[in-house]
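Each chain, letter by letter, is given below.
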Amino acid sequence: MGCSKDMYISLLDRLVYVTHAEPYDREAYVSVIEEICKTYNLAKGDTEFYLTPMMEQKGIGENFCDFDNGKGTKVILRIRIVSQSKAVIITTIYGEEGEPERSEAELAELDTMVRIITGFATRRRLIRMMQEFGFTDLDGYLNFRAFSRYIDVENSENRLGGKIAFHIDLHNFTMVNQEVGRANGDIVLKKYYTMIKDAIGDKGIIIRLGGDKFIGIFDRSVKRKVYDIFSGTAVPYGDSDDGKIVISAAAGIYMLPNPFLLKSPGDIMDKIMIAGDTAKRQASESIVVYDDRMKSEKAHVKKVQSEFRNALENEEFAVFYQPKVDIESRTIVGSEALCRWIKDGIIIPPIEFIPILEMNTDICKLDFYMLEHVCQTIRQRLDEGKSVVRVSVNFSRKHLVDIDLLDKIISVIDKYEVPHEYIEIELTETTTDVLFRDLRRVVCGLQEQGIWTAVDDFGVGYSSLNLIREIPWNVLKVDKGFVPKPDEDENSVANIMFRHVIALAHDMGMKCVIEGVESIDQLDILKKSNCYIAQGYFFDRPLPLEEYEERLDRKVYPEITE
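Residues numbered from 1 in each chain as written. Predicted model: local features only at pLDDT ≥ 70, side-chain atom pairs only at ≥ 80, totals over all residues. Heavy atoms only, no water.

J.: Where do I start with the overall build of the protein in this structure?
T.: Check the secondary structure of the protein and you find 18 helices and 21 strands. For the protein, whose C-alpha radius of gyration is 35 Å, the value lies well above the compact-globule estimate of 24 Å for 562 residues. On the principal axes, the C-alpha backbone points of the protein span a range of 120 × 55 × 55 Å. Looking at the 562 residues of the protein, the share that counts as buried comes to 47%. A sequence separation of at least 24 residues applies to 67% of the contacts in the protein between residues at least 6 apart. Summed over its atoms, the accessible surface of the protein is roughly 28900 Å², and 51% of this surface lies on carbon and sulfur atoms. Distance from the positive charge centre (71 side chains) to the negative charge centre (93 side chains) of the protein: 3 Å. (Helix = DSSP H or I, 4+ residues; strand = E, 2+ residues; numbered from the N terminus. Rg over C-alpha atoms; globule rule 2.2 N^0.38 Å. Buried < 20%, exposed > 50% of the residue type's maximum accessible area, 1.4 Å probe, protein only. Contact = heavy atoms within 4.5 Å. Areas by Shrake-Rupley, 256 points an atom, 1.4 Å probe, with all protein chains shown as cover. Lys, Arg positive; Asp, Glu negative; His and termini not counted. Charge placed at Lys NZ, Arg CZ, Asp CG, Glu CD.)

The structure is reproduced here in structure tokens:
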């Protein structure tokens, strides 16, 4: 065993050369390793790599083996090195069982060679690790650097034209984590990402921006396949068929023109982000394709958000009241507080700003602003000895995650010493992105304090029956779209459902209010169905405070015929 001094120096020179040569020649390196093993009669050599000593203890690392004749059972030499970055590298060489012991001189030669090999393995693995960290996040997803590199390469080869760029934000993924647990949620997220990655193939890329948000590019030839995944697909998270959950995404799409020359990543990013934001706001459309009008819409969004705080401080928001009328006595039995933004003498309709404020918690500030002003008016009328009716105030679903919501509402009402029965809190029926128990907690807490609660827009969403079965509302506000048309047959499905919903609500002790009533024909339908409270333009549009108070003081609406 062993070799001459000249042979040792020759092998050492060659080993140093192949481990430092640029570019790295894998075949030359393996050839030298094999010659060393044969010269020194070695049966096997392997290298272990661990990113940290803790990972070494847990056995989480990588193993590399460049030579193995299948007979290596006896450890001849083991060297463990800890780098400055605390990575652990262990190289072990093996001989055959029963072979003579090695001389000290031979072990010294092997020690020198093994240290060169270990140092080389350390450098290469650390370089690879830095590359991986450079283009992937800690969870193994490709990151924005990978996206930038991809579009830079594709752009230099004129291959971006005609492709499709996208930004997706998964629907209600917080609820997925709550439903199946965070560990399974991570599995679902990775598998959904992999589904899209596989559908895209080698003609595109998908990377994670963070959380459940992804961007990427794909070829038009796979458009239908990718769109189908965006629209909704069952993703498994367990071993059985039962362990599946449907995942869909709000997708912003930008169709890259052909030809297309990229000047900066913003040429793509700005457009897919704008389209993605639009997709998130539009419940009916989960895939939105960018067009230039969206740029002005984005500017409008920024303008509203930037002006909101000053508008709130300057009390530019006014409370308008729409009466709720008993259709038999024609008296006002309640009203709904509706917000109008009056800027420079011009009334800005709610559709121009409410959806924008819903994008963040600004809507919560506006809701409490409305509640405060409603309480001020009620208190003033009570002090003046004037008649008062219950006023409903809309509260966004975004409030429901606030554990202190009940205390905050009660604090405002009690600040003005308003009897609790004069306040009603309206929550929308289409509450799909909050846990049911949060909604129930809020409603029950309000009722314990004598504050009325109403479910708004009943009949618009899909969870209506569960909503009224599980939560003890005071008032059911039925959307006008649920009311039968005047010319429909008495025994039509619409008429039967409407009558039974009204009867069900009455049997459960709830009052019914029908929204959007605009004609005598609609009043007749309400009477036939034993529903006697209406809100709509037939009686009044939303009124500014002064006109509303005149209506309250008048008490009774005159008979109106059409």
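Still to come is the rest of the account.
J.: Is there a simple way to think about the layout of surface pockets in this case?
T.: Empty space among the atoms can be located by rolling a probe the size of a water molecule over them. In this model, the second largest pocket occupies a volume close to 630 Å³. As for the second largest pocket, its lining consists of 33 residues, of which Tyr29, Asp66, Ile117, Phe120 and Ala121 are closest to the centre. Of all the secondary structure elements, the ones that give two or more residues to the lining of the second largest pocket are helix H1 (5-20), helix H2 (26-39), strand S1 (44-50), strand S2 (62-68), strand S4 (88-95) and helix H4 (104-135). Counting residues per element, the lining of the second largest pocket draws most heavily on H4, at 11 residues. Of the residues belonging to the lining of the second largest pocket, the class tally is 19 nonpolar, 6 polar and 8 charged. (1 Å grid on protein atoms, 1.4 Å probe; cavity = no way out; pocket = protein on both sides within 12 Å on 5 of 7 lines; lining within 4 Å. Points joined across faces, edges and corners; volume = space filled by probe spheres on them. Nonpolar A, V, L, I, M, F, W, Y, C, P; charged D, E, K, R; others polar.)

J.: Before we go on, may I ask you to explain the state of the cysteines in this structure?
T.: By definition, a disulfide links the sulfur atoms of two cysteine residues through a covalent bond. The tally for this structure, following the rule as stated, stands at 0 disulfides. Free of any disulfide, Cys37 has its nearest cysteine sulfur in Cys65, 8.8 Å distant. Free cysteine Cys531: the closest other cysteine sulfur is in Cys512, separated by 5.1 Å. Of the residues examined, Cys531 reaches a relative accessible area of 1% and is grouped as buried. (Disulfide = S-S within 2.5 Å.)

J.: Just to check I follow, could you spell out the pattern of salt bridges for this structure?
T.: Taken as a whole and judged by the stated rule, the model has 36 salt bridges. Linking Glu106 and Arg102 is a salt bridge whose minimum nitrogen-to-oxygen distance equals 2.7 Å. Arg102 matches Glu106 in its accessibility class, with the two residues each being buried. Across the salt bridge formed by Lys213 and Asp212, the nearest N and O atoms sit 4.0 Å from each other. Classification of Lys213 as partly exposed rests on a relative accessible area of 33%. Its relative accessible area of 15% is what places Asp212 among the buried residues. Salt bridges here are not isolated pairs; linked through shared partners, they connect Lys324, Glu336, Glu424, Glu426, Lys477 and Glu515. (Salt bridge = Lys/Arg side-chain N within 4 Å of Asp/Glu carboxyl O.)

J.: Explain helix H13 (residues 405-415) here, please?
T.: An α-helical turn contains 3.6 residues, so a residue and the one three or four places further along point in the same direction. What H13 keeps buried is the set Leu405, Leu406, Ile409, Ile410, Val412 and Ile413. For H13, the angular spread of the buried residues around the axis is 160 degrees, confining them to a single face. Exposed residues lying more than 90 degrees from the buried face of H13 are Asp407 and Lys415. Residues of H13 that are buried make contact with helix H12 (362-383), strand S16 (423-428) and helix H14 (436-448). Once H13 ends, the next one or two residues include Glu417, with phi positive near 50 degrees. (Arc of directions from axis to C-beta.)

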